[in-house]
Protein chains: 4
Amino acid sequence: MSNKVTQAVETGAPESVAESVARFQAVRRQTERLAAPLSAEDQTVQSMPDASPTKWHLAHTTWFFETFVLGPHAPGYRAFDPAFEYLFNSYYEAVGPRHPRPQRGLLSRPGVEEIMAYRRHVTDAMTDLLGRGAANVADLVKLGLHHEQQHQELILMDAKHMLSLNPLRPAYRAAPPQAVTSEAPPLAWSAFEGGLTEVGHDGQGFAFDNEGPRHRVWLDPFALASRPTSCAEYLAFIEDGGYRRPEFWLSAGWDCVTQRGWEAPLYWEMKDGRWHVFTLSGLRALQPSEPVCHVSAYEAAAFAKWAGKRLPREAEWEKGAAALQGTSEVWEWTASPYVAYPGYREPPGAIGEYNGKFMANQMVLRGGCSATPVDHIRTTYRNFFPPDARWMFGGIRLAEDLR
Amino acid sequence: MSNKVTQAVETGAPESVAESVARFQAVRRQTERLAAPLSAEDQTVQSMPDASPTKWHLAHTTWFFETFVLGPHAPGYRAFDPAFEYLFNSYYEAVGPRHPRPQRGLLSRPGVEEIMAYRRHVTDAMTDLLGRGAANVADLVKLGLHHEQQHQELILMDAKHMLSLNPLRPAYRAAPPQAVTSEAPPLAWSAFEGGLTEVGHDGQGFAFDNEGPRHRVWLDPFALASRPTSCAEYLAFIEDGGYRRPEFWLSAGWDCVTQRGWEAPLYWEMKDGRWHVFTLSGLRALQPSEPVCHVSAYEAAAFAKWAGKRLPREAEWEKGAAALQGTSEVWEWTASPYVAYPGYREPPGAIGEYNGKFMANQMVLRGGCSATPVDHIRTTYRNFFPPDARWMFGGIRLAEDLR
Amino acid sequence: MSNKVTQAVETGAPESVAESVARFQAVRRQTERLAAPLSAEDQTVQSMPDASPTKWHLAHTTWFFETFVLGPHAPGYRAFDPAFEYLFNSYYEAVGPRHPRPQRGLLSRPGVEEIMAYRRHVTDAMTDLLGRGAANVADLVKLGLHHEQQHQELILMDAKHMLSLNPLRPAYRAAPPQAVTSEAPPLAWSAFEGGLTEVGHDGQGFAFDNEGPRHRVWLDPFALASRPTSCAEYLAFIEDGGYRRPEFWLSAGWDCVTQRGWEAPLYWEMKDGRWHVFTLSGLRALQPSEPVCHVSAYEAAAFAKWAGKRLPREAEWEKGAAALQGTSEVWEWTASPYVAYPGYREPPGAIGEYNGKFMANQMVLRGGCSATPVDHIRTTYRNFFPPDARWMFGGIRLAEDLR
Amino acid sequence: MSNKVTQAVETGAPESVAESVARFQAVRRQTERLAAPLSAEDQTVQSMPDASPTKWHLAHTTWFFETFVLGPHAPGYRAFDPAFEYLFNSYYEAVGPRHPRPQRGLLSRPGVEEIMAYRRHVTDAMTDLLGRGAANVADLVKLGLHHEQQHQELILMDAKHMLSLNPLRPAYRAAPPQAVTSEAPPLAWSAFEGGLTEVGHDGQGFAFDNEGPRHRVWLDPFALASRPTSCAEYLAFIEDGGYRRPEFWLSAGWDCVTQRGWEAPLYWEMKDGRWHVFTLSGLRALQPSEPVCHVSAYEAAAFAKWAGKRLPREAEWEKGAAALQGTSEVWEWTASPYVAYPGYREPPGAIGEYNGKFMANQMVLRGGCSATPVDHIRTTYRNFFPPDARWMFGGIRLAEDLR
């Protein structure tokens, strides 16, 4: 992702019309750039109910602008195809019935070409609308762009999962030249005093509804690891029988281990006596120094318990964020279930279905990963997934109590 | 399908080398012609575990020649891609492990283009081999061509099912000009004396192993309907509460009715108060005069019971075949489970897995349908499907006892 | 089972009133004798949807007489509890809705004591009715008694299955003193000429509807083994890799092997390096000479194929029955799917749901077993179960073609 | 439960030997009193995987004392039956393998009588041990008694569920004489200032590990309803389309509504146009004034949203507890997922599996219900169930933000 896009989205300053058009087009173009290495066939397959076909992502992000911006706010706008309202609604009950999620992979039509035409149709209409000023939709457009950026990451997560199930082990892209680093930097600990503090978004600049309101919390003294857990460290857990010893696991996590046969993170695979990982560039040898990735919250918690530590609570993570070194390569599981902050209220209407209705049975991840658009990362950002999910880029940062 | 192909395959006379090459290429070409109207995305989707993606059919029929003919019999032949042996094996245990059937739709790669290259590679190598005479593989090639013809019909069955699940109701091809026939010809009955008779293939010309050996059976006097049951007749059954009255149904059939919510044949749908059917040319109004199609064996049996008749046993059907009028538009369910004829022996080796191992929990259908290559139809042909299957082109011909 | 019962039921001669009362009571008493070793808790448990709790069998056989005999034919009869019509209907659609089969084990009430009171209530009313002559219900009563005898065998099958799942391995009864026989008699073959012949019940004496009508069939020359396959013989199949070699199996059978982990007949278990079998008297060492039992039709067919033989067709079995030595210890799987004989018509009304509606996806077993009441065994008797069922007492008799 | 028991368990003062024996026996006797109205058959049935047969509860609570107290601490103690260690282990991985939970209902043996003998055997041995002082096991015994009290409530929950599935609608006990109260007291609100406060158990007297450590939390000003939500109030939600309007529901809750067909709380049933509830005394008319019960966390949250309020967080509930009127009739769902308090550490060994390992995908309920032993109720007590569970006695208390 180019720096230009990054800067354009991140600034809180008022934008000129030209800037807002440029920003809009840059995000749209980036989505298409991510889909480009995938064939029409690649873009059609749905590898599991939790994942979606690439072309569905291309269409759904377009549907968002058509449904929430163009339909209500662009006089005279004609829908590209009225059936798409049904086909590409993800979960908005208020918008009406929708195609069942597990059947997204049955839709050979519309094909990739038609979906690209749909994108052009909507991008053009949006460009037109934005070019006329359209201050009243500025917030909706910003939401739509952040929404599309979320799907940019989903495109990579879902494509990786789909390709991993193919015995041919196809690569999404060529392997980048890899810096040979035999070891991760030594693990250090940053201490934090805790006390009464404030967390959550303060309302300056864009944030999703679930990041606020800013509110007070009490924190006991704690420490955070200076970097995510490395594969070498996680391997020690595996080799110490981590996946065979129930004492480290939450009961629901142990059920996953035994029923799904977990023996290592997702995409790890033993070949010729050595661990390999499947990546977007195909299968390659595991690098001991790289952060462990594609672990569930259960694995993260079991590893932490084995290590005599714990996972950070999300308020701790947020307070520590300023001190954390480097940029995120992996999302970091917290010990916090995804619930509403005190005083949280869902926005009215269909847009209110964005975040609040998922506040059950999910855990918060913080940070961001190498697949996250840089300007989509915020200290207050609350990513969330069920604790058994592994196909997102989820890793581990340890915490401990200080007393 | 051109007459040329038909004649070429049907003749039992010895073929010249040129004829056998021409026949081979004609069948291969016909398969590709059937796939041509389908986009790359269409060819990738698997609509249910029982069905396969079009491109899988294109590859599997090719795999058959590569595995059973070229590999063992063409010196110096190089496999197009060694991984394809695993990917495109359907169910041949003797050939080795294989990609799980319900996951055929997860394979975005190889793409349609690569599979077409695979086809060309194998077609060329086969052409070469056949061009050199290769009398020793003549029987295997014939089997491979009949196998490919079976998959030609499957391509249409499976594509129809896949398209039917798409809310856009896409058509595979343009609708043919339709002769307006408001009524089917009146139903007549052909009487047969029965007695001790012989059925099964006599070994002259090609037949699948399961069609023989020819053997004696005793038949009591019976009669067969002069034509398949029409939609108008079936509609009378529906309107008389056929799908709500358990007294007409086998117990396992009634379970299907209640658990799957059957209310009419597959692809029938009520729209604006009138019955429509989804066809390869899209949705159109039901024609009362057309044969009812896409019924399960359970529905066929329930209809027959409601009508005070029964389904024919397969020996009756075969004896009556000579007298039956017209060509088949629908496969006709019989009352006969698919079992071995007396004296049947499976061929040795992997080829022996072709028919014999499926002789459990299936019912025989006889005849052929509009999707069956004309030269693939034989009076002794035994098609078979589980009694609850509806996506093949299965219809009804009534029978009754005479005394 | 006492000789007295046997004689009473078997005779085709007209019975006196006293005889018919005695016969009725004897069958009812025998059912209760079979349940007696089981505790109230034992009688309540349903081990799988296919099996029923003992007390359900006690009640359902009683329901049969109440619903089909007393209700319509005993003026002034008062139902014991009107709710029982719903609770203890097995599958008679014509009688009305019923308690779902898989939930029979959820019914702690009525308790065993109340069900025994229900039995007494109905037995008394029936005794009364029979004592008054009641010639018009003679056929229904006979059917009810044969129905109850079927359930006597089911009580033992189902109790055995339920006890087998208990890690305590409880016994239903003490082990009988066992004749030590180290080897089965040598296997001989009885040859039969075949030809045009008649099979099926001729209408003299009681038979279920599905045993007729008697009809002609053509049989090629064949031979039948002189005794059922022994455990020693079946063990040779196991030790030759029978459960690891797909070439012996029907495709659907091989699916069972791999998906359910079959490695031996049901109730076989390796302990301290030796095969044991769970029996109604608990776990004991396998006797090589005893007939192999608790195999599915798939295992029977695979064994036969491994042995270079086949299973008999039911007409062959019936023609050979006169020559077969000894009484049956195990039901014998045939190669014949359970379908209607030519000319078969279901009786009208609810009684017509007895046999005909199950004519799909089942295979015929012939003979009888040690749990079958002796006077319930007939040469024309057609027992039937799905080909994957193993909890009935099913064994193997080999056949072969002669030419 | 008698006052005597209540007092005995609740006091934190040092007990005499006689007192500790009396307390032990009183709790054990109470469990048996709760089982007494249930027949042997009732005590055997398992109505769903989440529930257990009564006799399993009787045995498991006994297993606890045998495994954790008598085995390690009573020299010369002989296990009643070594197989019971396997049969009656609930989920303690450290103790070893165990009988699968969903198969508890398959165990007809040991029967109720044998389990009562097991209870006597262990109660006698414990009485003996306690009579000798045995100060070293005092904490374990206390834990065992609180564990048994938890199962006393489970016995009632599970028996109610089991009886509710029986079409006969049997009652566990006679209906108590019912005070006719046509209306609940008017709903009032208690305001709380919030601020920095402490919650959690302070270590004085018995508490489960998960109730501590006591720790600081910040609370914004809030108010709590003066009483649980009544059936009349909940009915208004239903009648306003509560179960048909997705806007009130968490996404996972709405899935339950649509997939499980929820239309009212568990055990509510419309009969002759009026709502009834199934109770331990059978089916009776709904009382508008009684607290709504047997709702899931999803229903509680949806009701609160419909009412324009919210559920209390558990710290709010705990701070408000002193002010709450009356004793609890229903457990009250909170908005708090069940997670570890800051500084929480699981105890070492098998006992450590008691609470901590379930800290995933569950919500906290606070208070107690009419089935909870009075001396088992504590302000800091954290009950927990998955948000879709309804068979426990869960109700609703509303909260709201003050600002």
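Calculation criteria
Residues numbered from 1 in each chain as written. Chains lettered and ligands numbered in written order. Predicted model: local features only at pLDDT ≥ 70, side-chain atom pairs only at ≥ 80, totals over all residues. Heavy atoms only, no water. Helix = DSSP H or I, 4+ residues; strand = E, 2+ residues; numbered from the N terminus. Contact = heavy atoms within 4.5 Å. Areas by Shrake-Rupley, 256 points an atom, 1.4 Å probe, with all protein chains shown as cover. Lys, Arg positive; Asp, Glu negative; His and termini not counted. Charge placed at Lys NZ, Arg CZ, Asp CG, Glu CD. Pairing = 2+ DSSP bridges. Axes fitted to C-alpha atoms, helices over the stretch in contact; angles between N-to-C directions. Least-squares fit on C-alpha atoms with pLDDT ≥ 70 in both. Domains from an automatic or database assignment. Buried area = accessible area lost by both parts, 1.4 Å probe. Salt bridge = Lys/Arg side-chain N within 4 Å of Asp/Glu carboxyl O. Polar contact = N/O pair within 3.5 Å; in protein donor to acceptor, adjacent residues only side chain to side chain. Nonpolar A, V, L, I, M, F, W, Y, C, P; charged D, E, K, R; others polar. Parallel < 35°, antiparallel > 145°, perpendicular 65-115°, else oblique. Left-handed = near helix turned anticlockwise from the far one by under 90°. Buried < 20%, exposed > 50% of the residue type's maximum accessible area, 1.4 Å probe, protein only. pLDDT = per-residue confidence, 0-100.

Side note on the overall build of chain A
When you go through chain A residue by residue, the secondary structure sums to ten helices and twelve strands. Its C-alpha atoms give chain A principal-axis dimensions of about 65 × 55 × 40 Å. Pairs at least 24 residues apart make up 76% of the contacts formed inside chain A by residues separated by at least 6 positions. Total accessible area on chain A stands at roughly 16100 Å², and carbon and sulfur atoms take up 53% of it. Where the 40 positive side-chain charges of chain A centre and where its 47 negative ones centre are 0 Å apart.

Remarks on the sheet that holds strand S7 (residues 282-285) of chain C
Residues and elements named next belong to chain C. Across the sheet, three strands lie side by side as S5-S6-S7; this open sheet has antiparallel pairing. Looking at strand neighbours, the two that pair on one side only are strand S5 (268-271) and S7, the edges of this open sheet. Strand-to-strand twist across the sheet, computed as the mean angle between neighbouring axes with direction ignored, equals 40°. As paired elements, strand S6 (residues 274-279) and S7 share four bridges and run antiparallel to each other.

Description of the relation of the copies chain B and chain A
Once chain B is rotated about the relating axis by 180° and shifted along it by 0.0 Å, it coincides with chain A to within an RMSD of 0.0 Å. Such a combination of turn and shift is consistent with a two-fold rotation axis. It is Glu-41 of chain B whose C-alpha, among those of chain B, lies nearest the rotation axis, at 2.6 Å. A high fraction, 100%, of the interface residues of chain B reappear at the interface in chain A, so the copies pair face to face through one surface.

Here we look at the arrangement of the chains
At the level of C-alpha atoms, the two units chain A and chain C stay apart, their nearest approach being 15 Å. In this assembly chain B lies apart from chain D, the nearest approach of their C-alpha atoms being 15 Å.

Quick look at the domain arrangement of chain A
All names here are of chain A. With domains assigned, chain A is organised as domain 1 (2-164) and domain 2 (189-401). Using C-alpha coordinates to define each centre, domain 1 is positioned 27 Å away from domain 2. Each partner contributes to the interface: domain 1 provides 30 residues, whereas domain 2 provides 27 residues. A buried area of about 2700 Å², summed over both sides, lies between domain 1 and domain 2, and 68% of it is on carbon and sulfur atoms. Among the residues of domain 1 in contact with domain 2, Glu-153, Met-157 and Lys-160 are the three that bury the most area, contributing 27% of the side total. Remark: the boundary between domain 1 and domain 2 carries zero salt bridges. Run the count over domain 1 and domain 2 and you get 14 residue pairs in polar contact (both at pLDDT 80 or more). For the side of domain 1 that touches domain 2, the secondary-structure elements that each account for two or more residues are helix H1 (3-10), helix H3 (54-73) and helix H6 (138-164). Top contributing element to the side of domain 1 that touches domain 2 by residue count: H6, with 16 residues. Across the side of domain 1 that touches domain 2, the residue classes tally to 15 nonpolar, eight polar and seven charged.

Quick notes on the packing of helix H2 (residues 17-35) of chain C against helix H5 (residues 112-131) of chain C
Residues and elements named next belong to chain C. Here H2 crosses H5 at 170°, and the two axes come no closer than 9 Å. When the axes of H2 and H5 are compared, the pair comes out roughly antiparallel. In terms of crossing hand, the pair formed by H2 and H5 is right-handed. Judged by residue contacts, Val-17, Ser-20, Val-21, Phe-24, Gln-25, Arg-28, Thr-31 and Glu-32 of H2 engage Met-116, Arg-119, Val-122, Thr-123, Met-126, Thr-127, Leu-130 and Gly-131 from H5. Partitioning the contact of H2 with H5 into residue classes produces seven nonpolar, six polar and three charged.

Points about the sheet that holds strand S4 (residues 222-225) of chain C
Within a beta sheet, neighbouring strands are joined by backbone hydrogen bonds and run either parallel or antiparallel to one another. Residues and elements named next belong to chain C. Strand order in the open sheet formed by three strands is S1-S4-S12, and the pairing between neighbours is antiparallel. Strands at the two margins of the open sheet, each flanked by one partner only, are strand S1 (189-192) and strand S12 (399-401). Across the sheet, the mean angle separating the axes of adjacent strands is 25° when strand polarity is ignored. Pairing analysis gives four bridges linking S1 to S4, with the strands arranged antiparallel. Note that in S4 the partner of Ala-191 across the bridge is Ala-223.

Quick word on the interface of chain B and chain A
Facing 30 residues of chain B, the contacting portion of chain A comprises 30 residues. A buried area of about 2200 Å², summed over both sides, lies between chain B and chain A, and 62% of it is on carbon and sulfur atoms. For the chain B face of the interface with chain A, the top three residues by lost area are Glu-41, Leu-106 and Arg-109 of chain B, together amounting to 32%. Scanning the region where chain B abuts chain A turns up two salt bridges. With its nearest N and O atoms 2.7 Å apart, the salt bridge here joins Arg-109 of chain B to Asp-42 of chain A. Where chain B meets chain A, there are eight residue pairs in polar contact (both at pLDDT 80 or more). Among the secondary structure elements, those contributing two or more residues to the side of chain B that touches chain A are helix H4 (84-87) and helix H6 (138-164) of chain B. Class assignment for the residues of the side of chain B that touches chain A results in 18 nonpolar, eight polar and four charged.

A word on helix H9 (residues 297-306) of chain D
Most of H9 of chain D sits inside the fold, with seven of its ten residues counted as buried. Immediately beyond the C-terminal end of H9 of chain D, within one or two residues, lies Gly-308 of chain D, with a positive phi of roughly 75°.

Some points on the interface of chain D and chain C
The partner chain C presents 30 residues to the 30 residues of chain D that form the contact. Interface area, chain D with chain C, both sides summed: about 2200 Å², of which 62% is carbon and sulfur. By the criterion of area lost to chain C, the three top residues of chain D are Glu-41, Leu-106 and Arg-109 of chain D, representing 32% of everything that side buries. Put simply, chain D and chain C have two salt bridges between them. Connecting chain D to chain C are eight residue pairs in polar contact (both at pLDDT 80 or more). Of all the secondary structure elements, the ones that give two or more residues to the side of chain D that touches chain C are helix H4 (84-87) and helix H6 (138-164) of chain D.

Some words on the confidence of the model for chain A
All names here are of chain A. Of all residues in chain A, 95% attain a pLDDT of 70 or more, and the chain-wide mean is 93. Here residues 1-11 is modelled with pLDDT under 50, and outside its nearest four sequence neighbours on either side it reaches 20 contacts, counting other chains as well. Here the complex is predicted with pTM 0.95, and the ipTM for its interfaces comes to 0.95.

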